[in-house]
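What follows is each chain in one-letter form.
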Amino acid sequence: MSEKRKAMQGFVFSIDATLSAFLLVLILATTVLLSAQATGDPYGDLQIARSGKDVLLALDRQGMLGVGNATAIGSALNATLPQGLSAHLSVSTYYYANGTFNLLGMAEYGDATPEGKSIWGASRNFVGLRNGQVANYSTARMWIWQE
Amino acid sequence: MAGVKRGVFFTLSMMLLGSALLSFIFFLSEQSTKSADTVTYLMEIDRASDKYAEVEDSLSRIISPSINISVQNSTVYISESLPLSENIEADLDRFAAFEANYSSVNVSMSLANLKGGYFIIQPSGAVMTNTAGEFGITPTGLAGAPEAYYLELVFQPGEVDNAAWLSVSNSSADTINVHVRVRDESYARVLDFYQLLDKTGASSLNVTNLGATVALVGFSSPGALAVQCPGNIGLKASISFTEPVHVEADDEISVKSSANRTGRVRIA
């Protein structure tokens, strides 16, 4: 094999190696970039948030949020939440006096919120009536997560 | 040498294939991002619509002790204590203030007509009004006008003893079926009146106690109803139309977030 032919082979080998290395780097960089951009299933998020809203609506329509029976609310949460989801519920109740809304009390229901998990939220305002008049104003907040 | 060239061509082919694959992956990634954005926007629309429905729900709840309205297909059922409670206005104002202060989105309400007991029966376009001492339903025209009225006027015991038609118009072919029941709370006195009345004529039923008028039920063109009663009574009414209906207050709720929702208050 002549010296010239050997040099040519080396040059071609270098080009081949460079192209391969370039392709490898490109694929690795793309994989890293797309992995960084990747999010969970967005429709799953929507479904979980929707579940929270539905549960709050159901509890309100059943009159449970206003009554505040912890056992009944706990049972209703278990019965209404889709399988695999847990929730924590907080109801803040206000009364109106002297032109302002004053906090009457805050009640907590359901499981304790976990750490290190994605948590979704839902809220609902509602009024409590007594003798045909609005007696109090409440805000129910729900935190919901996958078990 | 030929083998080396083949190797280079093979690498080039792989590179082209890789580039095509990468382009495809980028395209999929872009679509996925758009899809995630769409879901985010859907969640915002959902959030605004939920808030809107939640406010409507509470407004219905606040007025329900004084005006309870429900709808079954083409019939509107109304149950009222007349005169309307003065507290409704204050309760509605406070609720609007509460929503403005304690909502995560911007909520505003204009509730002047709801406070006055002014409703529109849609899609028939009939107007329900509650002014001092008078309850009325006025269709906008004969099209889609009421087919039948049922009215029950409930008085305190001893506040009513008789009722009689002052005038009856029932000579045309275009009539409306009317049933008026006048009674006291104890059912000691129950008076029923059934009539086919002209939609375009004028008829009236006089309700009395010891000869003095305590209420006047009037029917006039085009199938309109008016109950005049200066005292306190319970009123139950049902109005049947020719087409399915719902009831709106001619007021607006506006929920502003990333997605906005504005519209009239649907009560039933």
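Residues numbered from 1 in each chain as written. Chains lettered and ligands numbered in written order. Predicted model: local features only at pLDDT ≥ 70, side-chain atom pairs only at ≥ 80, totals over all residues.

**Some remarks on the nonpolar core**
(1) Moving on: Judged by nonpolar contacts, the single largest core of 77 residues is most densely connected at L89(A), M142(A), I62(B), I121(B), V207(B) and A215(B).
(2) Moving on: Sort the elements by how many residues they give to this core and helix α1 (residues 2-63) of chain B lands first, with 6 residues.
(3) Moving on: Among all residues touching V207(B), those that are not within four sequence positions of it are L153(B), V160(B), A163(B), V182(B), T213(B), V214(B), A215(B), L216(B) and V217(B). (Core = buried A, V, L, I, M, F, W, Y, C linked by C-beta atoms within 7 Å. Buried ≥ 20, exposed ≤ 12 C-beta atoms within 10 Å, placed from the backbone. Helix = DSSP H or I, 4+ residues; strand = E, 2+ residues; numbered from the N terminus. Contact = placed C-beta atoms within 7 Å.)

**Notes on the pairing of strand β1 (residues 67-72) of chain B**
Residues and elements named next belong to chain B.
(1) Moving on: Relative to strand β2 (residues 75-82), β1 runs antiparallel, the two being bridged by 6 bridges. Residue pairing in the sheet places I67 in a bridge with E80 of β2.
(2) Moving on: Connecting β1 to the next strand, β2, in antiparallel fashion are 2 residues, including N73 with a positive phi near 60°. (Pairing = 2+ DSSP bridges.)

**Some details on the domain arrangement of chain A**
(1) Moving on: Taken domain by domain, chain A holds domain 1 (1-38) and domain 2 (42-146).
(2) Moving on: Here the C-alpha centroids of domain 1 of chain A and domain 2 of chain A sit 59 Å apart. (Domains from an automatic or database assignment.)

**A word on the interface of chain B and chain A**
(1) Moving on: Contacts between the two partners involve 36 residues from chain B, matched on the other side by 35 residues from chain A.
(2) Moving on: Where the side of chain B that touches chain A is concerned, the elements lending two or more residues are α1 and α2 (87-102) of chain B.
(3) Moving on: Element by element, the count of residues in the side of chain B that touches chain A is highest for α1(B), at 23 residues.
(4) Moving on: Tallied by class, residues from the side of chain B that touches chain A come to 17 nonpolar, 11 polar and 8 charged. (Nonpolar A, V, L, I, M, F, W, Y, C, P; charged D, E, K, R; others polar.)

**Focus: the sheet that holds strand β3 (residues 119-130) of chain A**
(1) Moving on: Ordered by their spatial adjacency, 4 strands build an open sheet running β2-β1-β4-β3 (chain A), and the pairing between neighbours is antiparallel. Because the sheet does not close on itself, it has two edges, and the strands there are β2 (100-110) and β3 of chain A. Looking at each pair of strands side by side, their axes are set apart by 20° on average, direction ignored.
(2) Moving on: Of the pairings in the sheet, the one linking strand β1 (residues 85-97) of chain A to β2(A) comprises 10 bridges and is antiparallel in character. Counted as the bridge partner of Y94(A) is L103(A) from β2(A).
(3) Moving on: Packed on one face of the sheet, helix α4 (residues 70-80) of chain A meets β1 and β2 of chain A and runs near 60° to β2(A).
(4) Moving on: Contacts between α2(B) and the sheet are confined to β1, β2, β3 and β4 (133-146) of chain A, with β4(A) contributing the most and set at about 30° to the helix. (Axes fitted to C-alpha atoms, helices over the stretch in contact; angles between N-to-C directions.)

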